[in-house]
Amino acid sequence: MRKYKEFVIEKLILLCGLASIFFVLLIFLFLLKEGISLFSTITLKRFLFGKNWYPISDPAELEILPLILGSFWVTLGAAIISIPIGVGCAIYIAEVAHPKLKEILKTGIELLAAIPSVVLGFIGMVTLVPWVKEVFNLPTGLTALSGSVMLAFMAMPTIVSIAEDALYSIPKTYKEGSLALGATHWQTIYRVLLPAASSGIVAAVMLGVGRVIGETMAVMMITGNAALLPHSILQPVRTLTATIAAEMGEAVVGSEHYFALFAIGIVLFIISFVINVTADTFLHKKK
Amino acid sequence: MFKKWIVLILLSASILSPSFAKDGNSIQIKGSDTMVNLSQAWAEKFMEKNPNNFIAVTGGGSGTGISSLISGTCDISNSSRDIKEKEVVLAKKRGVNPYEIKVGLDGLAVVVHPSNPVSKLTLQQLADIFTGKISNWKELGGKDQKIVLLSREVNSGTHVYFKEHVLRKGDPNSREEFAPEALMLPSSQALADEVSGNSGAIGYYGMGYISPKQKPISVAKNEKSPYISPKIENVISGKYPISRPLFTYTNGTPTGLVKKFVDFMLSKEGQEIVLKTDFVPIKK
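How each quantity is defined
Residues numbered from 1 in each chain as written. Chains lettered and ligands numbered in written order. Predicted model: local features only at pLDDT ≥ 70, side-chain atom pairs only at ≥ 80, totals over all residues. Helix = DSSP H or I, 4+ residues; strand = E, 2+ residues; numbered from the N terminus. Rg over C-alpha atoms; globule rule 2.2 N^0.38 Å. Buried ≥ 20, exposed ≤ 12 C-beta atoms within 10 Å, placed from the backbone. Contact = placed C-beta atoms within 7 Å. Domains from an automatic or database assignment. Pairing = 2+ DSSP bridges. Nonpolar A, V, L, I, M, F, W, Y, C, P; charged D, E, K, R; others polar. Axes fitted to C-alpha atoms, helices over the stretch in contact; angles between N-to-C directions. Parallel < 35°, antiparallel > 145°, perpendicular 65-115°, else oblique. Left-handed = near helix turned anticlockwise from the far one by under 90°.

A few points about the overall build of chain B
Working step 1: Along the backbone of chain B there are 11 helices and 11 strands.
Working step 2: For 284 residues, the compact-globule formula gives about 19 Å, and the C-alpha radius of gyration of chain B, at 21 Å, lands near that figure.
Working step 3: Expressed as lengths along the three principal axes of its C-alpha atoms, the size of chain B is roughly 70 × 45 × 35 Å.
Working step 4: The 284 residues of chain B split such that 44% are buried.
Working step 5: The contacts of chain B with a sequence gap of at least 6 include a subset with a gap of at least 24, amounting to 71%.

And the structure:
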């Protein structure tokens, strides 16, 4: 009887484990099924590298280069802001901070992660956007930069907590050895601990970037959503995610536009898949 | 007391259970953001008079409303543009028969920041501004400042109407598009906020959103015709060049509660509400 129970529970858990993979597969197949129909009317090359996004015109122009670049600029900006701050914060928490302060900082970062993105977007809209317009003397503050700054706040908790874990899991002997050889605390961090934890830190950064690429609500509110080819971070951009969110309601089911939005979904899926796989390889690479 | 509880329970049941909603006690209205306030005002007045009925109003954009009507998730869809041929075909395929009712008129106001010295434009100038051919206020007699174009998102009936009737001047063969530089804002309110905070901005929305923080532009059909300001009397008289009909779509000719509500919208009282919410009634 006991053995029987054990068997059932074991299989149940196995099922739970497989479920997530099964769901991902289903989602991907659905995306593929809906998105692939687009390429009977437009070539893949034109879809990815064309410059005009006019989805509701007749005939529609469904070319997503401006959207890809929009996502790229916002993500790049967010990475430049969040990586140094995030990694610095992780080092401070793991190595320097007093245990009491450490607890407070960790709680604060968890709280930051819990703020809904629509709230960040709203705060950005009323505080950051006018400020960006003023400081850079721009025609409008709804730019990629505004999006980057707000998204950096969202990427930071991921980066900090994973990088901190990586630093924490370095064997104590490394640090002790370095200090015993006469290195200062900073030299130990910079020359010994950071290289030792580098794979974990890269993984942290990749996962943070993944979070930024997939973010929708905040960017839709503060990046201006203009589908032009951006050549600087101080211009309005339209991201892949915001396009899907803004246009899904309008797209007639079964139309070219509808398929194009699913094709954008595939592009996003592939991007985040690549990022996650990269993060995973780094995470499992043992020094 | 007991009776009150029953009403409350029934009311919450009618909100919570979709099956109950089909019983004809409640209506779901979806669609045009432009018409949300108007629709809400109608619904409130109607429910005041018929306390046993429940009418839920949500926005989302004209396209969203029509999509919902087609997929059967709303009873009435508001739209600030005509239903497209494609949408009719799709609806028929799903056994839905969109029935069009004109319920009011709306003037589209073009607005700029109050400090902007430009106060009148022709339709041609507007088209050139929004397609990007004119990009500095200097060319229109204003300050030497870049024009910031503000538009609604593509799911907005206002966006579609403005493109077809201002940018393309009603010519179905025209290929004019909004300049790619145009910022796409998710709501009329967001657009109003951006205009009131940006001295180089120009945008458009339904007349109802005009406030002292934005300056409406007087528009002329061409250089020879007079410049007309977006006011209700000018829309009624047909002088203001950018006005559009507001529609309501139902599945087939309205029956039951939907008919009762449609009749109310078109009644004298309903049309007074149209005027009160800064739109233009269809019947005098």
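The discussion continues.
Re the domain arrangement of chain A
Residue and element names in this part refer to chain A.
Working step 1: Entries for chain A in the domain assignment read domain 1 (2-38) and domain 2 (45-283).
Working step 2: Here the C-alpha centre of domain 2 lies 29 Å away from the C-alpha centre of domain 1.
Working step 3: Taken together, the 7 residues of domain 1 in the interface contact 9 residues of domain 2.

Some details on the pairing of strand β3 (residues 76-79) of chain B
All names here are of chain B.
Working step 1: Burial of the side chains of β3 extends over both faces: I76 and N78 are buried on one face and S77 and S79 on the other.
Working step 2: Here strand β1 (residues 26-31) runs beside β3; their pairing, made up of 3 bridges, is parallel. By the bridge assignment, G31 is partnered in β3 with N78.
Working step 3: Examined bridge by bridge, β3 and strand β11 (residues 243-251) share 4 bridges and lie antiparallel to one another. Each residue of the ladder has a partner; that of I76, found in β11, is T250.

A closer look at the interface of chain B and chain A
Working step 1: On the side of chain A, 23 residues touch chain B, which itself brings 24 residues to the contact.
Working step 2: At the level of secondary structure, the elements contributing two or more residues to the side of chain B that touches chain A comprise α4 (62-71), α5 (85-93) and β7 (183-185) of chain B.
Working step 3: Looking at side-chain class alone, the side of chain B that touches chain A contains 9 nonpolar, 9 polar and 6 charged residues.

Here we look at the packing of helix α6 (residues 144-168) of chain A against helix α8 (residues 185-214) of chain A
The relative placement of two packed helices comes down to the angle between their axes together with the axis-to-axis distance.
Residue and element names in this part refer to chain A.
Working step 1: Axis separation between α6 and α8 bottoms out at 8 Å; the angle between their running directions is 150°. Judged by the inter-axis angle, α6 sits roughly antiparallel to α8. Seen along the crossing, α6 lies across α8 with a hand that is right-handed. Of the residues in α8, those touching α6 at L151, M154, A155, T158, I159, I162, A163, D165, A166 and L167 are L193, A197, G200, I201, A203, A204, V205, L207, G208, V209, R211 and V212.
Working step 2: Tallied by class, the residues present in the contact of α6 with α8 amount to 17 nonpolar, 3 polar and 2 charged.

Examining the domain arrangement of chain B
Put simply, an interface is often sized by how much accessible area is lost when its parts join up.
Residue and element names in this part refer to chain B.
Working step 1: Once the domains are mapped, chain B shows domain 1 (20-105 + 245-276) and domain 2 (107-243).
Working step 2: Centre-to-centre separation of domain 1 and domain 2, based on C-alpha positions: 28 Å.
Working step 3: Listed per partner, the contact involves 12 residues of domain 1 and 12 residues of domain 2.
Working step 4: Ranked by residue count, the leading element in the side of domain 1 that touches domain 2 is α4, at 3 residues.
Working step 5: Each residue belonging to the side of domain 1 that touches domain 2 can be placed in one class, and the counts come to 1 nonpolar, 9 polar and 2 charged.

Let's talk about the environment of E103(A)
Working step 1: Summarising the element assignment, E103(A) is placed in helix α4 (residues 99-114).
Working step 2: In sequence terms E103(A) and I91(A) are 12 residues apart; their C-alpha atoms lie 14 Å from each other.

Things to note about the pairing of strand β4 (residues 98-112) of chain B
Along any regular strand the residues' side chains alternate between the sheet's two faces.
Residue and element names in this part refer to chain B.
Working step 1: With respect to burial, β4 is a largely interior element, 11 of its 15 residues being buried.
Working step 2: In this structure, β4 lies alongside β11, joined through 9 bridges in antiparallel fashion. Following the sheet pairing, Y99 is matched in β11 by T250.
Working step 3: Alignment of β4 against strand β8 (residues 201-206), held across 5 bridges, turns out to be antiparallel. Residue V112 lies in a different strand from β8, and its bridge partner there is I202.
Working step 4: The pairing of β4 with strand β9 (residues 215-216) spans 2 bridges and is antiparallel. Each bridged residue has a counterpart across the sheet, and for V112 the counterpart in β9 is K215.

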